[in-house]
Amino acid sequence: MMRIPKLIDSIDFCLMSPEDTRKLSVTKIIAADTYDEDGYPIERGLMDTRLGVVDPGLRCRTCGARAGECPGHFGHIELTRPVIHVGYVETIYGCLRATCRNKKCGKILLSEQKLEEFRKQIEDAIKERRKWWEISTQIVRSAAAVEKCPHCGEKQLTIKFEKPTTFIEGKNRLTPSDVRERLENIKEEDLPLLGIDPKVAKPEWMVLTALPVPPVTVRPSITLESGVRSEDDLTHKLVDIIRINQRLAENIEAGAPHLIVEDLWELLQYHVTTYFDNGVSGIPPARHRSGRVLRTLAQRLRGKEGRFRGNLSGKRVDFSARTVVSPDPNISINEIGVPEYVARTLTIPVRVTEHNIEELRNVVRRGTDIYPGSNNVISSEGKRYDLRYADREELANKLEPGFIVERHLKDGDIVLFNRQPSLHRMSIMAHEVRVLPGRTFRLSLSVCPPYNADFDGDEMNVHVPQSEEAQAEASILMRVQEQILSPRFGGPIIGGIQDHITGAYLLTRKGTLLTREQAQQLLASVGKFFDLPKPAKRERGVEYWTGKQIFSMLLPKKLNITFKAKICKNCARCKEEECEIDAYVVIRDGQLQSGVVDARSYKALDRCEILDRIVKDYGTTVAREFLDDVTKLSIAAAVMFGFTTSIDDEDIPPEAKERISEVIEDAKDRVSKLIEVYNAGELEPLPGRSLRETLEMRIMEVLAESRDTAGSIAEKYLGLDNHAVIMARTGARGSMLNLTQMAACVGQQSVRGERLSRGYRKRTLPHYKHEDLGAEARGFISSSYKDGLNPLEFFFHAMGGREGLVDTAVRTAQSGYMQRRLINALQDLRVEYDGTVRDDRGAIIQFKYGEDGVDPARSDNGKAVNVEKIIERVIGG
Amino acid sequence: MVGVSPDTIKTEVSKLEGEVPESVVHELRGALLRVSKERAITREQIEQIIEGVKQAYTSAIVEPGEAVGTIAAQSIGEPGTQMTLRTFHYAGVAELNVTLGLPRLIEIIDARKTPSAALMTIYLKEKFAKSKEKAREFAHKIELTTVEDVALQTETDLINMVFIITLDRSRMQRKELTPSKIASTIKDTLNTDVGIDGYKLRIKPSTTTLSELRKLATRVRALPLRGVKGITRVVVKMEDDEYVVHTEGSNFLEILSMPEVDQTRTVTNNIHEIEEVLGIEAARNAIVNEAVKTLEEQGLNVDLRHIMLVADMMCASGEVRQVGRHGVSGEKASVLARASFEITTKHLLDACIHGESDKLDGIIENVIAGQPIPLGTGSVELVMRRGGEGGTK
């Protein structure tokens, strides 16, 4: 039977009274030592076995359980003198200042009438479930300013607070005992006014008289390889406390001078303070013998690796694996290649039934080492057999319905796949397992964009959902094909990349003719069988098919769209179907009639017209099949036609070179003229700018323009027969800017958006004169990458490049923190059945999500309904 | 075949009202009327189209339980890694500096009291917007001019213990100021003796100590002579057939109360000013607009709904709250949620004093407790009735 798990309904917070501490305690701790010479825990010491056990073999004297089962039990230390709890000094300070110093009075220093007003406010706040204690800051502030008690007329001395735990009244230091006495005097009905809930806390409890000692399970000692015992930081601190506590008791007993008692008391306060929080300002942190700062209670909870963020909000899990990823162009986007070694380690529990018993018997027989085997068997009674050691044959025969076999991962199992940083939900998606040889996880190239993965050594994680419920949820909600559309903008985030785009372009561009063998070869690479349509052309008895025909075979029937391809030059008047670069894409009834397939058609994160339409009109399964097929076809096409790029793709003829250098020389001349005008004081400043700023802006303008002109000269010689240009223009990879920087001119380098200016006094490098504002002297690179940079240019380039690197590093930190804050602020929001968006208290944030109730992931690029599309579908294009 | 009349289209389409969002109805009406001019649409087709629209809308509705908050946060946070860090010149107005990219987005989300580069776009009423002179005049009127702006030279005469300002004639003319005007302003505001000597002003401090003189000098230099407080630089630009005034620095209240200004269109990028002057709803829209502008300028495509949700969350309490520990996150109901964000120990300790109770209604609390979270599939429970007899549980 499955146990019904207990659910926590709520957690109440309250302050512990000394009596609570004593009641909770299983023993008073008096010995400052841990173990005796035999290595056995000392009775009433810090490792007393009544506090629970961590060493194997011992039994807890409180509950009788062994290590691992015993949750541990608290003990306590009776403090000889009271000590202030550091966490509450601010609250104590407020209480002390706000109440009458007269022992007999102890009331809040405000008139009864005012107090009544505040009481009312607090009552209202509680009724409205607001944070009533926020009112108390106001009360404390006004009460602290009062000099004479309105109730008893006592004159109030000012109380000063010295960090971390000292209070001084007038000239006298208040001991924790004095403080405790004052706090005891506060009337119970006044407590809410001071922000204290009398039901759970009394102010005097903020001054400790008994200190709880946490169980050993909280502070286990570790045995080093050398056999030396090493105690936990908390234990060290507790030893200090007990030692000083004892000395203090002895000294008081012996009637030691007041001064010595005072000193010891203060030392006890120091130890208790640092035991709670070793990072309070005003005192030096407690250190280990080696000089290392101790990690005490507050440090354990705080920060990224602390209990809250490190262990509670994010937990370590079983059934996970991590290794390097590498690409596999032949598997589906829904799949993930898992190495056999991993598949033999990760398991899925399967319940034995009459239907699978024979199969599972074989699985058990094969055991842990032979692949489709299993690692553990759990009997109906819950006994666990480890197949590494058990008699597998015997166990296999013993198998009966009700047993659970933990079998190896096999093809078709659902696993979660993840790459950090997990910035959006597409960073964890569910894949189907394909067990493959090798030692890396394999993934389809199309899912690289959502994970932001590449293969320069990236590692990724796999998690195996264990229950049927989890597996079902994963495969319905998290499967890759369900994530094709990004909820960020309602368009595809999974799609073709790089070679997929060039391949499709090579196949579908004008003039691609394929013989029957070639056509069949391409279609065979998809792995499905197709009947070729009628050939487009017949010449000397040979039949030819166009690339567009082949591509169309993968398109769903009845698909109609028209759009402009990426290579479109945005002519003033579009010639539509007559476009000479074939940039006008028309698909009618699933036939690509004109236009080329490029980034606009199915590149991830681009406009992605075809893929987008297929997901939205035909569903995710058709879209996944289309994407799987089309990427395979494209790769095959790229292989068939041959595609490469090399340095000679950036060759431009000598006359172009000449014209480029003319343009650049001309620009340099214009810059020097501008500088002359500036030096002559004749430069007309732009409104609101200084002369110098104006000059810089004008120079930047001239140089940017010259770079663009140089680029466009080079571009004229770089046609679509050039492979590098094909990549840039189709949007597969790189840009025309990259190419012109290689072929023509790199251009101005900049730091902080300005020309380079720093380095030496009044100049960038000692190779230039002081105050040289010329183009070269301020980081203009007139060479191209291909020609090579001269040493000065190279240095300037490195300056610009360095800024880029620094920027990226800073940016990741900043945006990471921003995202953490956003997530934290918004994570409790959800859509309710009434269409409102509410937070965890049920407060309405939006009356209708996004004002129209539409899920962005299901919208048409943000629009609720694509009206045009529906009209076109009904009436016809 | 004869198509239906435009009126029938209108009546048919308006039947959709209330069922699908207004914007869709509006778009459909427009599109149908446009198409009907080119070709006939039959009644049957209209019905089909309307049915299609209804269906498309229903299938696009969010599912209850959807974690829209997390999705919004991710959708804004994820592209943050792709944004620039630098402050660039404004694309439209080369003369003004604008904070862009990630720093600006963080500024918006932080709900900073003053943006690092405050800007206003002031639209003028018809009369002023069409004339270059009048727009210029207005621009001059609001630009803050200090004594230093019109001074050619300033010096402290230590022998006579006076502060001497030499005024710049041409700049004075442009700003329509005279030495006597300036002198009287200084006299009135600082309560000192001012001697006029052509374009030289001699200012004598009341007490003749050196420190007093120095103090006086700095106060005189920064003394505003005319213009609106905060407006440091003004640029007039022709935009879509009218003159628009762009300013660096912002003073929404004072600018809006000027008669030349078109209050309906004039904006500032200071969200707090908008909140103070126009209220929380306007502030919410300002947050949305500023965030959209920042993201769009970086070429990032983020659905408007995500940004609206963030803005609504920031404004839900009636005042603009920061996304972070001093705002939305710090005011959460759950102790554990606050503790797991920042300043862990303080939240836990204070919770004890106040006797707080964590109801475990939120996400993190349940993650901490190792329980199913109340989102998506975790927000519903299924009860299986055994044997079809309507079981007990």
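Residues numbered from 1 in each chain as written. Chains lettered and ligands numbered in written order. Predicted model: local features only at pLDDT ≥ 70, side-chain atom pairs only at ≥ 80, totals over all residues.

Caption draft 1: Just the overall build of chain B, in detail. Across its full length, chain B holds 18 helices and 11 strands. Scaling as 2.2 N^0.38, a compact globule of 393 residues should have a C-alpha radius of gyration of about 21 Å, whereas chain B reaches 31 Å, well beyond that. Expressed along its principal axes, the backbone C-alpha trace of chain B runs to roughly 110 × 75 × 35 Å. Within chain B, the proportion of its 393 residues that are buried is 39%. Considering only residue pairs separated by 6 or more positions, chain B has 57% of its internal contacts joining residues 24 or more positions apart. (Helix = DSSP H or I, 4+ residues; strand = E, 2+ residues; numbered from the N terminus. Rg over C-alpha atoms; globule rule 2.2 N^0.38 Å. Buried ≥ 20, exposed ≤ 12 C-beta atoms within 10 Å, placed from the backbone. Contact = placed C-beta atoms within 7 Å.)

Caption draft 2: Fine view of the overall build of chain A. Within chain A, the secondary structure is distributed over 26 helices and 31 strands. Taken over the C-alpha trace, chain A has a radius of gyration of 38 Å; the compact-globule value for 877 residues is 29 Å, which it surpasses by more than 25%. Expressed along its principal axes, the backbone C-alpha trace of chain A runs to roughly 120 × 100 × 65 Å. Buried residues in chain A amount to 40% of all 877 residues. Contacts in chain A between residues at least 24 apart in sequence constitute 67% of all its contacts with a sequence separation of at least 6.

Caption draft 3: Quick look at the sheet that holds strand β3 (residues 151-157) of chain B. All names here are of chain B. Here four strands make up an open sheet; going across it, the order is β3-β4-β6-β5 and the pairing antiparallel. Bordering the open sheet on either side are β3 and β5 (193-197), each of which pairs with just one other strand. Averaged over all adjacent pairs, the angle separating strand axes in this sheet is 20°, with direction ignored. Alignment of β3 against strand β4 (residues 162-167), held across six bridges, turns out to be antiparallel. Residue pairing across strands places A151 opposite L167, the latter belonging to β4. Its contacts with the sheet place helix α10 (residues 179-190) against β4, β5 and β6 (200-204), and it is angled at close to 170° to β5. Where helix α11 (residues 210-221) meets the sheet, its contacts fall on β3, β4 and β6, and the angle it forms with β4 comes to roughly 25°. (Pairing = 2+ DSSP bridges. Axes fitted to C-alpha atoms, helices over the stretch in contact; angles between N-to-C directions.)

Caption draft 4: Just the nonpolar core, in detail. Core analysis: the largest hydrophobic core is formed by 160 residues, its most contacted members being A:L822, A:L826, B:V53, B:V68, B:V310 and B:M314. Among the elements that line this core, the one with the most residues is helix α15 (residues 304-315) of chain B, at eight residues. In this view, B:V310 contacts A:L822, A:L826, B:A72 and B:I76; residues no more than four positions away in its chain are not counted. By size, the runner-up hydrophobic cluster in this structure holds 104 residues, among which are A:V415, A:V464, A:V480 and A:L739. (Core = buried A, V, L, I, M, F, W, Y, C linked by C-beta atoms within 7 Å.)

Caption draft 5: Looking closely at the interface of chain A and chain B. The interface is formed by 89 residues belonging to chain A together with 93 residues belonging to chain B. Contributions of two or more residues to the side of chain A that touches chain B are made by β1 (11-12), α8 (297-301), α9 (307-312), α25 (791-826), β29 (830-831), β31 (844-846) and α26 (867-875) of chain A. Looking at the side of chain A that touches chain B element by element, the count peaks at 14 residues for α25(A). Per-class residue counts for the side of chain A that touches chain B are 43 nonpolar, 21 polar and 25 charged. With two bridges connecting them, β1(A) and strand β11 (residues 357-358) of chain B associate as antiparallel partners. (Nonpolar A, V, L, I, M, F, W, Y, C, P; charged D, E, K, R; others polar.)

Caption draft 6: View of the domain arrangement of chain B. Domain parsing of chain B yields domain 1 (6-60), domain 2 (145-226) and domain 3 (332-379). When each unit is reduced to the centre of its C-alpha atoms, the spacing between domain 1 of chain B and domain 2 of chain B is 71 Å. (Domains from an automatic or database assignment.)

Caption draft 7: Inspection of unusual backbone geometry at higher detail. A cis amide bond links A:K163 to the next residue, A:P164, at an omega of 0°. Within the secondary structure, A:P164 sits in the loop between β3 (159-162) and β4 (166-169). Cis geometry is adopted by the peptide bond preceding A:P421, which originates at A:Q420 and carries an omega value of -5°. You can see A:P421 is positioned in the loop between β15 (414-418) and β16 (428-436). In the Ramachandran plot, A:C608 falls in the positive-phi region, its phi being about 55° despite a non-glycine side chain. Among the structural elements, A:C608 can be located in the loop between α18 (599-602) and α19 (609-618). Despite not being glycine, B:D241 shows a phi value in the positive range, around 75°.

Caption draft 8: Broad picture of the environment of A:Q481. Residue and element names in this part refer to chain A. Tracing the sequence through the fold places Q481 in the loop between α14 (468-478) and α15 (499-508). The sequence separation of Q481 and G619 amounts to 138 residues, and the corresponding C-alpha distance is 9.4 Å. Those residues in contact with Q481 that sit more than four places away from it in its chain are I333, N334, T620, T621, A623 and R624.

Caption draft 9: Highlighting the pairing of β4(A). All names here are of chain A. With four bridges joining them, β3 and β4 adopt antiparallel strand pairing. When the sheet's bridge partners are listed, F161 is paired in β4 with F167. Direction of pairing for β4 relative to strand β5 (residues 172-174): antiparallel, over a ladder of three bridges. Paired with I168 across the strands is R173, a residue of β5.

Caption draft 10: Summary view of the packing of helix α2 (residues 89-98) of chain A against helix α4 (residues 134-144) of chain A. Residue and element names in this part refer to chain A. Close contact between α2 and α4 brings their axes to 8 Å; oriented N to C, the two are set at 45°. In terms of orientation, α2 lies oblique with respect to α4. As α2 packs across α4, the resulting crossing turns out to be left-handed. In this structure, α2 uses G94, R97 and A98 to contact α4, whose residues at the interface are I139, V140, A143 and A144. (Parallel < 35°, antiparallel > 145°, perpendicular 65-115°, else oblique. Left-handed = near helix turned anticlockwise from the far one by under 90°.)

Caption draft 11: Here's a closer look at the sheet that holds β5(A). Residue and element names in this part refer to chain A. Sheet architecture is open: three strands sit in the order β3-β4-β5, paired in antiparallel fashion. With partners counted over all chains shown, the strands left at the sheet margins are β3 and β5, one partner each. Ignoring which end each strand starts from, the neighbouring axes of this sheet average 35° apart.

Caption draft 12: Molecular detail of the packing of α15(A) against helix α20 (residues 620-641) of chain A. Residue and element names in this part refer to chain A. Interhelical geometry of α15 versus α20 gives an angle of 70° and a closest axis separation of 7 Å. In terms of axis orientation, α15 runs roughly perpendicular to α20. Every pair of crossing elements has a handedness; the one defined by α15 and α20 is left-handed. Each of D499, H500, T502, G503, A504, L506 and L507 in α15 lies in contact with α20, whose residues at this interface are V630, T631, S634, I635, A637, A638 and F641.

Caption draft 13: Seen up close, the environment of A:R509. Residues and elements named next belong to chain A. One can find R509 in the loop between α15 and β19 (513-514). On the basis of neighbour count, R509 is assigned to the buried category, with 22 C-beta atoms found within 10 Å. Beyond its immediate sequence surroundings of up to four residues, R509 is in contact with D582 and V596.

Caption draft 14: Focus on helix α5 (residues 101-110) of chain B. Across the 10 residues of α5(B), seven count as buried, placing the element largely inside the fold. Of all the residues in α5(B), the buried ones are B:G101, B:L102, B:R104, B:L105, B:I106, B:I108 and B:I109. On its buried face, α5(B) is in contact with α25 of chain A together with α14 (280-297) of chain B. A positive backbone phi angle near 50° is found at B:A111, which sits one or two residues after α5(B).

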